[in-house]
Structure formats: structure tokens, C-alpha cells
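Secondary and tertiary structure notes
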Amino acid sequence: MRTAAPVWAVVVALGALLAVPSAALAEEAATEQAKEPAVISLGDSFISGEAGRWQGNGNTVWGSRYGTDLAAYDCNSSETSCYYDPTKVYGSSYDNGCNRSAGAEIHHLSTVRVNGRTFDIDADDRINLACSGATTDDILRTPFKGERPQIEQLADQAAAKDVKLIVLSIGGNDIGFSDVIANCAKGFSLPKDFGWHCSESLGPQMPGRIDTMGTKVEAVLEAVQNTMADAGYRDSDYRLVLQTYPSPIPRGADNRYPETSYARLNTGGCPFYDDDSDWARDTLIPALAEAHEQAAASVGGVDLLDFQDAFDGHEVCAEGVRQSVSGDTLANPLPEAESEWARFIVSGFSQGQMQESMHPNFYGQRQMGECLNTMAEATARTFTCSSSA
């Protein structure tokens, strides 16, 4: 005859049984708590760090290029002879041309305020997934330069980290921004009887291109939000920031080289007519910004970081600043306050890569990073970055 187990034995057995899922839940909670807070940049060359190799511009093929080439090493005492290693700045991303620089915008983001709490971000948790040349398709669905679509890489990071902020720069390549710059430069560089003004040849095409771009940017924002939701994030768990583009060139009247001189081409690296410069600064850049603002508003839950005026007074060839010259060195470079913050147009491969032209350089990226950091520490949904900020 079987006897009933003592009541105390049943209680102990039930306690042991219930302890198994409780321990599992506790372990899962501990794993969640162990995730490090992280920030992520997505998009194109204006946020990947293209041109971060250069702290200012120096018009020479020799040595440290008057203290501007951060890839230079083992220079002689006068820095007129150096070796070069672009991976010092771009790391392994130099091999596929994504050119994620060590000084890119995301690496300046040290703290983020989300839902009333402030999170400190370690250097290793400032993650740059952006790639130079990327379009909206390269974020959403197309492998690019040997890498998976950025949205898939974001999903991996969302699972591995506690993502607190995602910042996005995209759309410029969708409208062919680099081709616009090349067209403007070529129109100026040819003899006047054979050249053209790109504001006339390309200007009428831009509104349609920008409208199409805006729709694609909306799709990217929605995909980011959906990816984060699929990873278990609530909207209040992180911030999504869409940024606009800075102007790398000044208005025509603010160019320190006269339009009638080929110094804009041969010395300054800013081969643009005055009216084309005005069109780029006062029509094209604002139209892009307006499209980004509308995309953010349409999707909702998106912060806007406006960079239109971020480089005012520090653009390539701007009055009031200058290029580095003989005597400026890597140890004692031309100060940031006196320098240009965007990369000038280089001819051939005399300095670095052509694709670096007209992008924020080391100083420009630091300016953008500081503005992003200021926004991340505040609660405002929009922030306008100026060169004095």
C-alpha cells in the first residue's frame, strides 16, 4: 500500500520545480541589463566620415601636405617627406571605400538623454554602419561594397546592444549630388565658350529628384522604426535623428578668390561660378533640408538635426579662413578656427582620393559631432547647428 508524501515534501518539490523558470527569467533579465547602451550612425559619406583624413586643406603634393594629412607617418623633421597609411584614419573600411573615419560624427557622441534618463556611451559603443556612396536602397535591401544592407546590420546591433540613438544621413546620392558637383566644376573649368553654368543645366531637374528622394527617405525612417520594434524596442526606448546636409562651398560673394581667376580651380579647389555657388547654397541645400524635414514630420517620432549653416564662414574658399601653408605641421597645424572645414576638390590622385572632395574634413566632422552631442544631451526634437555652436 502506497502512502501519501508528507505535505512538507510536496512543498519542497514544488518549490524546486518553480525555481527553474524563475532562475531562467532572472538570467534573461540579467542578460538584458548587461547590454551596453550604444549609438549608431547609418547612411552615406556625410556621416561615414569621408574626408576625415584631412585637418584643413594644404595645396602641396609633398610630405604632410602642410600638416593636413592625418594618414602621414614617419615624416622627416620638416615634414616634406612622409609615408602614408589611410587605414590610420579609415581602418579596414578603406579597403572597400566606405571610408568610416576615426573622427566621424558618431564618435563624438558621449551621452544621450532618452525618456528622462541620461546614458553614458563608451567609445566602443559608438557604432558607425554608414558607407560612402550609399543610397536609400543600400540601407533597405541592396548589398553594397561587399556589405549587407545597413538595415540588416542595424538589426544585429539592436539585438546585441541597448541602442539609445540612431542618426541617419541619406538622400544625397539618390539625387546624384556628387554628379552635380562634378558638373558644376567641369562647367567652370572649361574655356568659357565651351563651359556652362550647372544652375541652368541641372537646376530644373532637382525639384523632381528631391521629391522622389523624400519619399525614399520616409521609407528608410519607417524601416528603422520597424526594425527596432521587431527587436523589442518601444518608441520611448531610443531616439531616431535625421540630419540634413551642410554646404561645403560659400555663396559667390563670400568666396575669397575672384570668379574671373582660375585660382578657384588651381589654388582654392572650389571651381564654381558665383551664380552656381549661390544656387547650391541658397536653393539646393535648403530644398534638401526641407525634404528631410517633411520626411521626418510625415513619419513621426523623428528628431531633426539641421546642418545647413554648420560650416558658415569655414567652407572651401570662404573669406576669413585660409589653407594651411609651409610651416604648418602635424604637430602644430593651422588652428581649426582659421581653417576650412570641408575637403577641397583635388585633381587626379595628388592627394588622397577624388571621392573625398567636397565632404566634411576632420574639423568639419568634429563640428558636426559636437552639434549632435549637444542635441543628444537635450530634449528638443529639432536642433539647428551653426558654425558658432
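Source: prediction; values computed, not measured.

It is worth spelling out a negative patch on the surface at this point. There is a patch of like negative charges on the surface, built from Glu200, Asp254, Asp275, Asp278 and Glu319. Residue position: glutamate 319 is located in the loop between β9 (303-309) and α11 (362-377). Residue glutamate 319 is classed as partly exposed on the basis of its relative accessible area of 47%.

Below, the discussion takes up the state of the cysteines. Using the criterion set out here, one finds five disulfides in the structure. Two residues share a disulfide in this structure: cysteine 98 and cysteine 131, whose sulfurs sit 2.0 Å from each other. Given an S-S torsion of about -85°, the disulfide between cysteine 98 and cysteine 131 has left-handed geometry. Taken together, the residues cysteine 98 in the loop between α3 (87-90) and β4 (111-114) and cysteine 131 in the loop between β6 (126-128) and α4 (136-140) connect sequence positions 33 residues apart. The buried category is assigned to cysteine 98, whose relative accessible area is 0%.

Moving on: the pattern of salt bridges. This structure, assessed with the given rule, holds 18 salt bridges. In this structure, aspartate 303 and arginine 381 form a salt bridge, with 2.2 Å as the shortest nitrogen-oxygen distance. With aspartate 303 in strand β9 and arginine 381 in the loop between α11 and β10 (382-386), the pair connects residues that are 78 residues apart, well separated along the chain. The shortest N-O distance in the salt bridge between glutamate 336 and arginine 366 comes to 2.5 Å. Here the residue glutamate 336 occupies a position in the loop between β9 and α11, and arginine 366 occupies one in helix α11, the gap between them amounting to 30 residues. Here the salt bridges share partners, and the residues they tie into one network are Arg53, Arg65 and Asp69.

Throughout the structure, instances matching the rule amount to ten aromatic pairs. Here the aromatic rings of phenylalanine 177 and tyrosine 245 are separated by 6.5 Å at their centres, their planes lie at 15°, and the arrangement is stacked. Of this pair, phenylalanine 177 sits in helix α6 (residues 177-189) while tyrosine 245 sits in the loop between β8 (239-243) and α9 (263-268), placing them 68 residues apart in sequence. For the pair formed by phenylalanine 177 and tyrosine 245, the shared burial category is buried. Looking at arginine 65, its charged tip hangs above the ring of tyrosine 84, at a distance of 4.3 Å from the centre. The ring of phenylalanine 119 is capped by lysine 164, whose NZ or CZ atom sits 4.4 Å from the centre of that ring.

Rules and cut-offs
- Every chain's residues receive numbers from 1 upward, in the order its sequence appears when written.
- Per-residue local features are limited, in this predicted model, to residues with pLDDT of at least 70; the limit for side-chain atom pairs, both in listing and counting, is 80 or more; totals at the level of whole chains, interfaces and linings are taken over all residues.
- Computation of side-chain values covers all heavy atoms of the structure but excludes hydrogens and water.
- Patches draw on residues past 30% relative accessible area with no salt bridge. Two like charges within 9 Å are joined, as are two nonpolar side chains (Val, Leu, Ile, Met, Phe, Trp, Tyr) within 5 Å.
- What sets the accessible areas is the Shrake-Rupley method with a 1.4 Å probe; for residues, cover comes only from the shown protein chains.
- Salt bridges are counted wherever a side-chain nitrogen of Lys or Arg sits within 4 Å of a carboxyl oxygen of Asp or Glu.
- This count recognises Lys and Arg as positive and Asp and Glu as negative, with His and chain-terminal groups excluded.
- Think of each charge as sitting on NZ of Lys, CZ of Arg, CG of Asp or CD of Glu.
- By the criteria applied, helices consist of DSSP H or I runs no shorter than four residues and strands consist of E runs no shorter than two, each listed in order from the N terminus.
- Throughout, exposure labels follow a simple rule: accessible area from a 1.4 Å probe, protein chains only, divided by the maximum for the residue type, with under 20% read as buried, over 50% as exposed, and the rest as partly exposed.
- By disulfide we mean two sulfur atoms from cysteines, separated by a distance within 2.5 Å.
- Here is the rule: rings of Phe, Tyr and Trp (six-membered ring for Trp) pair when centre to centre is within 6.5 Å. Planes less than 30 degrees apart are stacked, more than 60 are edge-to-face, and the remainder are tilted.
- A ring is considered to have a charge above it if a Lys NZ or an Arg CZ atom is located within 6 Å of its centre and within 35 degrees of its normal.

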